[in-house]
Amino acid sequence: MRIRPHEEPVRQVRPHPDDLPWSRPPEPTDVDPAVLGALLRRHGWQRRGGAAGRYGRWTPPGPGGGSTSLLVPESRAFPDSDDLLGEALDALARSDSAAAREVLISLAVPSDEIRWWRDTPSGPVGAAPWTADEQLRGAARQMLLAAALATRARAGYHGARHRRPAAALLEHVLVGPAAEGGGSLTAFVPVDPGRPLAVRLHQALYATREAIDYRRATGGMDAFDGAVEAGVSRELTEALTLLVRGTEGARIAVAWAPGAGVPDGCAASAEPVEFSPGDLPALREAAARYLREEPSVPVRVTGAVVRMRRSGPRGEGTVRLRVLAGAEVPHVRVTLDEEDYRIAGHAHLVGLPVRVHGRLERRGGFRRLTGASGVVPVQVDEAERDRLMKALQENLDFFEEACGEGEPGAYGDTD
């Protein structure tokens, strides 16, 4: 049995699903009638009369929608507005339609909505291949990740840079209920903290569309270079390629949260951005161009040595560092000459990180440092040093087997 030290922080427990804000209907007092009306209209509900200036009668989309209806007040100016809102929210909660559940999600967590459509050839009685849904979800996630990366930095190719904070931003995104017939997917991006992601994706999609049209009209790829400032990257063009491949066309639309207003520089309402199989050659060419043109980056990295390897007891060797500062990647590999390799090994054995100069190479996703020099140990506070020493002690058997004749050298590398 492992006994937890008193000073070790207790691991945070995930909240119970029933405690999450989107798992329960919002309270009538927290709902703006104008926002509810805007969301109903967005998700296909039809207004069919009602007392002018007092309330509207809304019916759900699809056949048979006229059999049920909601009475939604236009404002809180009348004493029965809370009662009407409560009845409308209860009716939405009891409904089994995707349109009702999407409205409730946006009310519970004010969100910008991103929707993808794929026009795929259907099989018997409208069936679709199992892989089609996986391809849609995979492309959507890659697209959101590309937008999250673009909120951290503008680059034609991000590689491994900024991956951790970008992935953390996606943890707040919700997936909407599946629509009847498939072929579409909705993501709800909470305004706080996800609006920059939605804005960047909105601008990057339009910049990509314009760059493709320019490529078709002139044969030049220059527009893709300027589109980087709008958030276009290799990661985004690859996501679009995955979305469009195997379809007759695909569309993406971004709709802003009604209660949060329209962000600066964005249109209040816009048509979905469309892509077709004819765009695939330009997207693939842009992806290759971004990878080829993104330069390596001079850096001074501070990192903890976690792996060491060389073919013999002497000569140069390869070191893997867990980056503590100086680069936006979690780990880098670096080849060191014999003296720098010895310094890195000694620093590792006494629980100290090292600092090294070099260039973060784009090949391999900015995970390799080339031209490394000037390896020096770095003093750290006691807490960090104790943590590094603890990691060494937990792997003591591995290190004893890997070290030979007093040389802190050839540590095995399992990567």
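Here the structure is a predicted model, which is why all the values come from computation and not from measurement.

**Some thoughts on the sheet that holds strand S8 (residues 273–275)**
Argument step 1. Taken together, the five strands give an open sheet; going across it, the order is S5-S6-S4-S7-S8, and neighbouring strands pair in antiparallel fashion. The sheet terminates laterally at strand S5 (174–175) and S8, the two strands that pair on one side only.
Argument step 2. Sheet topology places strand S4 (residues 111–118) next to strand S7 (residues 250–255); six bridges connect them, and they run antiparallel. The partner of Trp 117 across the bridge, within S7, is Arg 251.
Argument step 3. The strands touched by helix H4 (residues 130–152) are S4, S5, strand S6 (184–190) and S7; relative to S4, the strand with the most contacts, the crossing angle is about 140°.

**Focus on the sheet that holds strand S10 (residues 317–325)**
Argument step 1. Judged by pairing direction, the barrel is mixed, and its five strands sit side by side in the order S9-S10-S11-S13-S12 before closing back on the first. Across the sheet, the mean angle from the axis of one strand to that of its neighbour is 50°, orientation sign disregarded.
Argument step 2. Where strand S9 (residues 297–309) meets S10, seven bridges bridge the pair, whose relative direction is antiparallel. What sits directly across from Thr 302, in S10, is Ala 325.
Argument step 3. On top of the sheet, helix H10 (residues 338–349) reaches S9, S10, strand S11 (331–336), strand S12 (354–361) and strand S13 (368–377); it is set at about 60° to S13, its chief contact.

**Quick look at the packing of aromatic side chains**
Where two aromatic rings form a pair, the distance of their centres and the angle of their planes describe that pair.
Argument step 1. Inspection of the entire model under this criterion finds two aromatic pairs.
Argument step 2. Their ring planes at 40° and their centres at 5.8 Å tell us that Tyr 157 and Phe 366 sit as a pair that is tilted. Placement of Tyr 157 in the loop between H4 and helix H5 (163–170) and of Phe 366 in the loop between S12 and S13 is noted, with a sequence separation of 209 residues between them. Phe 366 matches Tyr 157 in its accessibility class, with the two residues each being buried.

**Examining the nonpolar core**
Argument step 1. One finds Ile 114, Trp 116, Met 143, Leu 144, Leu 197 and Ile 252 to be the most contacted residues of the largest nonpolar core, which totals 52 residues.
Argument step 2. When residues of this core are assigned to their parent elements, the largest contribution, 10 residues, is made by H4.
Argument step 3. Counting 25 residues, the second largest nonpolar core, distinct from the first, contains Val 323, Leu 336, Ala 347 and Leu 360.

**Quick word on the pairing of S13**
Argument step 1. The sheet contact formed by S11 and S13 spans two bridges and is parallel. What sits directly across from Val 334, in S13, is Leu 369.
Argument step 2. One ladder, built from six bridges, connects S12 with S13; its direction is antiparallel. Considered in S13, the bridge of Arg 359 is made with Thr 370.

**Description of helix H1 (residues 33–42)**
Argument step 1. All of the buried residues in H1 are Pro 33, Val 35, Leu 36, Gly 37, Leu 39 and Leu 40.
Argument step 2. Summarising the contacts, the buried residues of H1 are in contact with strand S2 (55–59), strand S3 (70–73), helix H2 (81–94), helix H3 (98–108) and S4.
Argument step 3. In this structure Asp 32 caps H1, since a side-chain oxygen of it lies 3.0 Å from the backbone nitrogen of Ala 34.
Argument step 4. Positioned one or two residues after H1, Gly 44 has a phi angle of 90°, which is positive.

**Considering the pattern of salt bridges**
A side chain of one charge can pair with a side chain of the opposite charge if their charged atoms are brought near each other.
Argument step 1. Summed over all chains, the structure comprises 20 salt bridges.
Argument step 2. Residues Asp 279 and Arg 209 are paired through a salt bridge, measuring 2.8 Å at the closest nitrogen-oxygen approach. On the criterion of sequence distance, the pair formed by Asp 279 in the loop between S8 and helix H9 (280–293) and Arg 209 in helix H6 (residues 191–218) is long-range, its members being 70 residues apart. The same class applies to Asp 279 as to Arg 209, namely buried.

**Re the side chain of Glu 113**
Argument step 1. Structurally, Glu 113 can be placed in strand S4.
Argument step 2. Under the relative-accessibility criterion, Glu 113 is labelled buried at 5%.
Argument step 3. Side chain to side chain, Glu 113 and Ser 106 meet in a polar contact 2.9 Å long.
Argument step 4. Those residues in contact with Glu 113 that lie beyond four places of it in its chain are Leu 39, Arg 42, His 43, Ser 106, Thr 186, Ala 187, Phe 188, Ala 253, Val 254 and Ala 255.

**Here's the deal with the side chain of Asp 340**
Argument step 1. Mapped onto the elements of the fold, Asp 340 is located in helix H10.
Argument step 2. Comment: no salt bridge for buried Asp 340; closest opposite-charge side chain is Arg 342, at 8.0 Å.
Argument step 3. Leaving out residues up to four positions away in the same chain, Asp 340 has contacts with Ser 373, Gly 374 and Val 375.

**Regarding unusual backbone geometry**
Argument step 1. A cis amide bond links Asp 192 with the next residue in sequence, Pro 193, at an omega value of 15°.
Argument step 2. By the secondary structure assignment, Pro 193 is in helix H6.
Argument step 3. One non-glycine residue, His 162, lies in positive phi territory at about 60°.
Argument step 4. You can see His 162 is positioned in the loop between H4 and H5.
Argument step 5. In this model, Phe 366 sits at a positive phi of 65°, which is unusual for a non-glycine residue.

**Brief notes about the packing of H2 against H3**
Argument step 1. Direction vectors running N to C along H2 and H3 enclose 125°, while the axes themselves pass 8 Å from each other. Between H2 and H3, the crossing angle belongs to the class labelled oblique. Handedness of the H2/H3 crossing: left-handed. From H2, Leu 89, Leu 92 and Ala 93 reach across to H3, where they touch Ala 100, Val 103, Leu 104 and Leu 107.

**Description of the confidence of the model for the protein**
Argument step 1. Per-residue pLDDT for the protein has a mean of 86; in total, 84% of the residues score no lower than 70.
Argument step 2. Within the model, pLDDT remains below 50 along residues 1–13, and this stretch shows five contacts once partners closer than five positions in the same chain are excluded.

The rules behind each value
Residues numbered from 1 in each chain as written. Predicted model: local features only at pLDDT ≥ 70, side-chain atom pairs only at ≥ 80, totals over all residues. Heavy atoms only, no water. Pairing = 2+ DSSP bridges. Helix = DSSP H or I, 4+ residues; strand = E, 2+ residues; numbered from the N terminus. Contact = heavy atoms within 4.5 Å. Axes fitted to C-alpha atoms, helices over the stretch in contact; angles between N-to-C directions. Phe/Tyr/Trp six-rings, centres within 6.5 Å; stacked < 30°, edge-to-face > 60°. Buried < 20%, exposed > 50% of the residue type's maximum accessible area, 1.4 Å probe, protein only. Core = buried A, V, L, I, M, F, W, Y, C linked by side-chain atoms within 4.5 Å. Polar contact = N/O pair within 3.5 Å; in protein donor to acceptor, adjacent residues only side chain to side chain. Salt bridge = Lys/Arg side-chain N within 4 Å of Asp/Glu carboxyl O. Lys, Arg positive; Asp, Glu negative; His and termini not counted. Parallel < 35°, antiparallel > 145°, perpendicular 65-115°, else oblique. Left-handed = near helix turned anticlockwise from the far one by under 90°. pLDDT = per-residue confidence, 0-100.

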